[in-house]
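These are the residues of each chain, in order.
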Amino acid sequence: MTGTVLVARPDSAGDVILAGPAIRAVRARAEAVVLLAGPLGRAAAELLPGVDRVIEWRTPWIDIDPPPVTREHVARLMELLPAADEALILTSFHQSALPLALLLRLRGVGRITAISEDYPGSLLDVRVRVDETRHLPEAERMLAVARAAGFDGGDATPAVKRPPPSVVGPPGYVVVHPGTAAPARAWPPHRHREAVEALSFEGFTVVVTGGRSERALTAEVAGRHGVDLGGLTSLPELAGVLGDACALVAGNTGPAHLAAAVGTPVVSLFAPVVPAGRWAPYGVPYVLLGDQQAACKDTRARLCPVRGHPCLSGVTAEQVVKAVRELVT
């Protein structure tokens, strides 16, 4: 049995949820797991089984709105870090583990494991190499890091702690989540509204969810045919809402991975700016909508680089209704 293990995944909520299988594998053979998360992933980190403590730090080389690298900012991380026996740094293919590995070395962490294409020198003890031409699902990619470190775990299916009861009525409704962190990944609001109306006409109760900053969007999308929960659910409460849904309609965003973690099928409105093979919902049935060969493919753009947003704007409400029917029947 290993002592305290630090696991780092300091970016968005969906990424943290997908790190869950790796964390469970570590916790099965560790006395304690401390998860280093960023502000966007903190709430998701609190939901993961196997996490004993969460520490939060804005990572200058990962954060969307990066803080400056200062002596004071790094010193705060050093104060937060536990006296860990070893560490796993979990990254996506476009991120480097080496800056954090350097800081963990200076903190005295004895054994560090991470994926690194670049030569790590003495920064890593276990260097994991992967074929980046294969679009390995993120959950599997991170579980491979845990296994390389000697933490043999189960499957790569995401999971969260038991959510609270749903704040909606009887189970079986469809959840529509129109918000995304990056505009390039968003299905247009009028298309969402058309889908809510079409699903309602098909006999489904439709619930529209979103954060506090998305209240205007959820109100527009819900209209007269949907139940508007915009700004009314915490992340654990959203997990409860999703857990009683028969399907979720959403883009490539954290709630899609949260739905998968509670076993709810997903209609995935997926813009190909990143590969669906890596970030599509994992471990549940899903239907992928959107032109995966559009000109924006693999650009990692946050703002759509193609006039008219063709990868998603052509998806219709009728296609969404059809996809929901496929998932629930």
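Rules and cut-offs
- Residues numbered from 1 in each chain as written.
- Predicted model: local features only at pLDDT ≥ 70, side-chain atom pairs only at ≥ 80, totals over all residues.
- Heavy atoms only, no water.
- Helix = DSSP H or I, 4+ residues; strand = E, 2+ residues; numbered from the N terminus.
- Rg over C-alpha atoms; globule rule 2.2 N^0.38 Å.
- Contact = heavy atoms within 4.5 Å.
- Areas by Shrake-Rupley, 256 points an atom, 1.4 Å probe, with all protein chains shown as cover.
- Lys, Arg positive; Asp, Glu negative; His and termini not counted.
- Charge placed at Lys NZ, Arg CZ, Asp CG, Glu CD.
- 1 Å grid on protein atoms, 1.4 Å probe; cavity = no way out; pocket = protein on both sides within 12 Å on 5 of 7 lines; lining within 4 Å.
- Points joined across faces, edges and corners; volume = space filled by probe spheres on them.
- Nonpolar A, V, L, I, M, F, W, Y, C, P; charged D, E, K, R; others polar.
- Buried < 20%, exposed > 50% of the residue type's maximum accessible area, 1.4 Å probe, protein only.
- Core = buried A, V, L, I, M, F, W, Y, C linked by side-chain atoms within 4.5 Å.
- Salt bridge = Lys/Arg side-chain N within 4 Å of Asp/Glu carboxyl O.

Caption draft 1: Quick peek at the overall build of the protein. Scanning the protein from N- to C-terminus turns up 13 helices and 12 strands. For 329 residues, the compact-globule estimate of 2.2 N^0.38 gives 20 Å, and the protein sits close to it at 20 Å. Overall size of the protein, expressed as C-alpha extent along the three principal axes, is 60 × 40 × 35 Å. A separation of at least 24 residues holds for 62% of the contacts in the protein among residues at least 6 apart in sequence. Only carbon and sulfur atoms are counted for the fraction: they give 51% of the accessible area of the protein, which is about 13800 Å². Charged side chains in the protein number 32 positive and 33 negative. The centres of these two groups are separated by 2 Å.

Caption draft 2: Main features of the layout of surface pockets. Considered as a void within the structure, the largest pocket measures approximately 1300 Å³ in volume. For the lining of the largest pocket, the secondary structure elements donating two or more residues are helix 1 (13-18), helix 3 (42-47), helix 9 (235-243) and helix 10 (254-261). Counting residues per element, the lining of the largest pocket draws most heavily on helix 1, which supplies 4 residues.

Caption draft 3: Focus on empty space enclosed by the protein. What the rule picks out here adds up to 1 cavity of 30 Å³ or more. Of the pockets and cavities examined, the largest cavity occupies roughly 40 Å³. Taken together, Pro 10, Trp 61, Ile 62, Ile 89, Leu 90, Thr 91, Ser 96, Ala 97 and Leu 100 make up the lining of the largest cavity. Counted by class, the lining of the largest cavity contains 7 nonpolar, 2 polar and no charged residues.

Caption draft 4: Fine view of the environment of Val 274. Take Val 274: it is sitting in the loop between strand 11 (266-269) and helix 11 (276-279). According to the relative accessible area criterion, Val 274 is buried, its value standing at 5%. Residues Val 274 and Gly 203, 71 residues apart in the sequence, show an inter-C-alpha distance of 34 Å. Apart from residues lying up to four places away in sequence, Val 274 is in contact with Arg 185, Asn 252, Trp 279, Asp 298 and Arg 300.

Caption draft 5: Region of interest: the nonpolar core. The biggest cluster of nonpolar side chains holds 58 residues, and the ones touching the most others in it are Ile 23, Val 26, Leu 35, Leu 88, Val 175, Leu 248 and Leu 258. Leaving out residues up to four positions away in the same chain, Val 26 has contacts with Val 5, Val 33, Leu 88, Ala 146 and Phe 151. In terms of nonpolar packing, the next biggest core, distinct from the first, is built from 34 residues, Val 176, Ala 184, Val 206 and Val 267 among them.

Caption draft 6: Representation of the side chain of Thr 233. One can find Thr 233 in the loop between strand 9 (227-228) and helix 9. Overall, Thr 233 belongs to the buried group, its relative accessible area being 19%. The residues contacting Thr 233, other than those within four sequence positions of it, are Val 167, Leu 238 and Val 241.

Caption draft 7: Structural detail: the pattern of salt bridges. Taken as a whole and judged by the stated rule, the model has 16 salt bridges. Where Arg 27 meets Asp 52, a salt bridge forms, and the shortest distance between an N and an O atom there is 2.8 Å. Here Asp 52 lies in the loop between helix 3 and strand 3 (53-56) and Arg 27 lies in helix 2 (residues 20-27), a separation of 25 residues in the sequence. On the basis of relative accessibility, which here comes to 27%, the residue Arg 27 falls in the partly exposed class. In this structure, Asp 63 and Arg 58 form a salt bridge, with 3.6 Å as the shortest nitrogen-oxygen distance. Its relative accessible area of 32% is what places Arg 58 among the partly exposed residues. Each of Arg 9, Asp 11, Asp 15 and Glu 138 takes part in a single network of salt bridges with overlapping partners.

Don't take any of this as a statement about function, it's just geometry.
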